[in-house]
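Okay, here's what each chain looks like letter by letter:
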Amino acid sequence: MLVIDSPSELREAIKQLKQQGKAISFIPTMGNLHSGHIELVKQGQKVAPITVVSIFVNPMQFNNADDLNNYPKTLKADCQALQAAGVDIVFTPSSEVIYPNGLAAQTYVEVPGLSDCLEGELRPGHFRGMSTIVNKLFNLVQPDYACFGEKDFQQLAIVKQMVADMAMPIEIIPVATVREASGLAMSSRNNKLSEEEKLTAPLLAKVMNKLGDDVINNTTQHSLLIHDACRELETGGFDTDAIHIVDVSTLQAVTSETKQAVILMAAFLGATRLIDNKVVTLN
Ligand code: PAF
């Protein structure tokens, strides 16, 4: 496995692979890898002989300097896990290399509409930073395929839109959320939970699944179902941040035309914000 931190070396390695006619799948990450990331790698390996993973904690997508500074950095363990998974190239650029003129001077990419609602409303600039780095990494890696987890549902929708709008020759592969046996969605943030919080955390998926069943069975108005779900989470020890039920393709309010909706959950357990989502087909 090659570990490369310079864009010019990466370009050279990619050029050689392209000359050999090898297809490339790409998994962008911010490191602190868990089984969910390894699943992205496995899906990438199914579609292309070469897998490239990037590890870059992107300052442009953080709203809060503390979050950025406290983001766990586990490069050695990450590289070991990627080597064991059979990854071909790991790209680990520094912030100076990616943003040589600083963040304020960086050209950016913004997907309108999908970036402004939901998480985008709570974290202004987050999706602009995300789409800018994904775009830049796509230009460096030039992949044929790129794998993104369904856990970050809005991120996946934005990346798909960006690729379509900019006519990028990349197939985006959505990968189902990997869960603990308890149902808890895998996330780097789970490492921040205390032992007690780890016992409570699976309630988020449990409440979401019940909400999903109620939406499918059309038991009552969505606002009332959301109200009940909040109460259940809060009784269990969560502090609900947001629960939305929106149209899967527009991420806007469900209408009579909506065939599939997505339930988006975000709730704090202590200081840790957990997210999850579930797509439901409406009758
Ligand atoms: O999902 C993430 O880890 C990040 O948003 C990504 C896609 C690697 C871009 O920094």
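Going along each chain's sequence as written, the residues are numbered from 1 onward. Per-residue local features of the predicted model are confined to residues with pLDDT of at least 70, and side-chain atom pairs are confined, for both listing and counting, to 80 or more; whole-chain, interface and lining totals are unaffected and use all residues. Hydrogens and water molecules were not included; the side-chain quantities draw on all heavy atoms of the structure.

- In the annotation of an unreviewed UniProt entry, the protein is listed under the name Pantothenate synthetase and assigned to Psychromonas marina.
- The record in UniProt for the protein states the following under Subcellular location (unreviewed entry): "Cytoplasm".
- UniProt positions are given in the numbering used here, feature names are shortened, and annotations may be inferred rather than shown by experiment. Its UniProt record gives the protein a comment under Sequence similarities (unreviewed entry), which states: "Belongs to the pantothenate synthetase family."

Overview of the site of the ligand
Stage number 1. By convention in this text, a residue qualifies as near a molecule or strand provided that one of its non-hydrogen atoms is within 4 Å of it. As a structural note, the neighbourhood of the ligand is formed by Pro28, Thr29, Met30, Asn58, Gln61, Met130, Ile133 and Gln155.
Stage number 2. Whenever a nitrogen or oxygen atom comes within 3.5 Å of another N or O atom, the pair is scored as a polar contact, on the condition that within protein one atom can donate a hydrogen and the other can accept it, and that pairs from neighbouring residues in sequence are kept only if both atoms are in side chains. The separation between an oxygen atom of the ligand and a polar side-chain atom of Gln61 is 2.6 Å.
Stage number 3. A distance of 2.7 Å separates an oxygen atom of the ligand from a polar atom in the side chain of Gln155.
Stage number 4. The method behind every accessible area is Shrake-Rupley, applied with a 1.4 Å probe, and residues are considered shielded solely by the protein chains displayed. The protein chains hide 88% of the 290 Å² of surface that the ligand would expose on its own.
Stage number 5. Elements supplying a minimum of two residues to the shell around the ligand: β2 (24-29) and α7 (126-141). Helical segments are the DSSP runs of H or I of at least four residues, strand segments are the runs of E of at least two, and each set is numbered from the N terminus.

Details of the UniProt feature "binding site: (R)-pantoate" (unreviewed entry) in the protein
Stage number 1. UniProt records the feature "binding site: (R)-pantoate" (unreviewed entry) for Gln61 and Gln155 in the present numbering. For this annotated set, covering 95 residues, all C-alpha atoms fall within 11.5 Å of each other, a compact arrangement in space.
Stage number 2. Summarising the element assignment, Gln61 is placed in the loop between β3 (50-55) and α3 (65-69).
Stage number 3. Taking the relative accessible area as the measure of exposure, Gln61 reaches 9% and is therefore buried.
Stage number 4. Residue contacts are counted whenever heavy atoms from the two residues lie within 4.5 Å of one another. Residue contacts for Gln61: discarding those within four places in its chain leaves Met30, Arg123, His126, Gly129, Met130 and Ile133. Each residue's exposure class comes from its accessible area (1.4 Å probe, protein chains only) as a fraction of the maximum for that residue type: buried when under 20%, exposed when over 50%, partly exposed otherwise.

Thoughts on helix α10 (residues 203-216)
Stage number 1. For a helix, the expected span equals 1.5 Å multiplied by the residue count minus one. Between the first and last C-alpha of α10 there are 20 Å, a value that for 14 residues agrees with the 20 Å anticipated at 1.5 Å per step.
Stage number 2. If you follow the buried residues of α10, they end up packed against α9 (195-200), α11 (222-235), β7 (239-247), β8 (260-269) and β9 (272-281).

Details of the side chain of Ser187
Stage number 1. Within the secondary structure layout, Ser187 lies in the loop between β6 (171-175) and α9.
Stage number 2. Among the residues examined, Ser187 registers a relative accessible area of 12% and is labelled buried.
Stage number 3. Here the side chain of Ser187 touches Arg189 through a polar contact of 2.9 Å, landing on its backbone nitrogen.
Stage number 4. In this view, Ser187 contacts His34 and Lys151; residues no more than four positions away in its chain are not counted.

Remarks on the nonpolar core
Stage number 1. Counting residues in hydrophobic clusters, the biggest one holds 44 residues, and the most contacted among them are Phe138, Ile172 and Leu251.
Stage number 2. Within the residue set of this core, elements represented by two or more residues are α1 (7-19), β2, β3, β4 (89-91), α7, β5 (145-149), α8 (153-165) and β8.
Stage number 3. The leading source of residues in this core is α7, at eight residues.
Stage number 4. The contact partners of Phe138, leaving out residues within four places of it in the chain, are Phe26, Pro143, Ala146, Phe148, Val159, Met162, Val163, Met168, Ile170 and Ile172.
Stage number 5. The term nonpolar core refers to a set of buried residues drawn from Ala, Val, Leu, Ile, Met, Phe, Trp, Tyr and Cys, joined through side-chain atoms within 4.5 Å. In this structure, Leu203, Met208, Val215 and Val280 belong to the second largest nonpolar core, which totals 24 residues.

Side note on the packing of aromatic side chains
Stage number 1. The criterion for an aromatic pair is that two Phe, Tyr or Trp rings (for Trp, the six-membered ring) have centres within 6.5 Å, with stacked assigned to planes under 30 degrees apart, edge-to-face to planes over 60 apart and tilted to the rest. A full pass over the atoms with the stated rule returns four aromatic pairs.
Stage number 2. Each ring, one from Phe26 and one from Phe138, has its centre 6.1 Å from the other, and the planes form 70 degrees; the classification is edge-to-face. With Phe26 in strand β2 and Phe138 in helix α7, the pair connects residues that are 112 residues apart, well separated along the chain. Accessibility classification places Phe26 together with Phe138 in one group, the buried group.
Stage number 3. Seen from their ring centres, Phe62 and Tyr71 are 5.8 Å apart, and the 80 degrees between their planes marks the pair as edge-to-face. For the pair formed by Phe62 and Tyr71, the shared burial category is buried.
Stage number 4. For the cation-ring pair, Arg128 lies above Tyr108, with the distance from its terminal atom to the ring centre recorded as 3.7 Å. For a ring to carry a charge above it, either NZ of a lysine or CZ of an arginine must fall within 6 Å of the ring centroid while also lying within 35 degrees of the normal to the ring plane.

Overview of the packing of α1 against α7
Stage number 1. Geometry is summarised by axes, namely lines fitted to C-alpha atoms with helices restricted to the contacting stretch, and by angles between N-to-C directions that run from 0 to 180 degrees. For the pair α1 and α7, interaxial distance at closest approach is 8 Å and the crossing angle is 50 degrees. As summarised for this structure, α1 and α7 are arranged oblique, according to the angle between their axes. Where α1 approaches α7, its residues Pro7, Leu10, Arg11 and Ile14 are matched on the opposing element by Asn139, Leu140 and Val141.
Stage number 2. Under the scheme applied, nonpolar residues are Ala, Val, Leu, Ile, Met, Phe, Trp, Tyr, Cys and Pro; charged residues are Asp, Glu, Lys and Arg; polar residues are all the others, including Gly. Taken together, the residues of the contact of α1 with α7 break down into five nonpolar, one polar and one charged. Geometric relationships in this document are graded by angle, where less than 35 degrees denotes roughly parallel, more than 145 denotes roughly antiparallel, 65 to 115 denotes roughly perpendicular, and other angles denote oblique.

A look at the side chain of Asn58
Stage number 1. With respect to the helices and strands, the residue Asn58 is situated in the loop between β3 and α3.
Stage number 2. For Asn58, the side chain forms a polar contact with the side chain of Tyr99, separated by 2.5 Å.
Stage number 3. Once residues within four sequence positions are removed from consideration, Asn58 is found in contact with Met30, Tyr99, Gly129, Met130 and Ile133.

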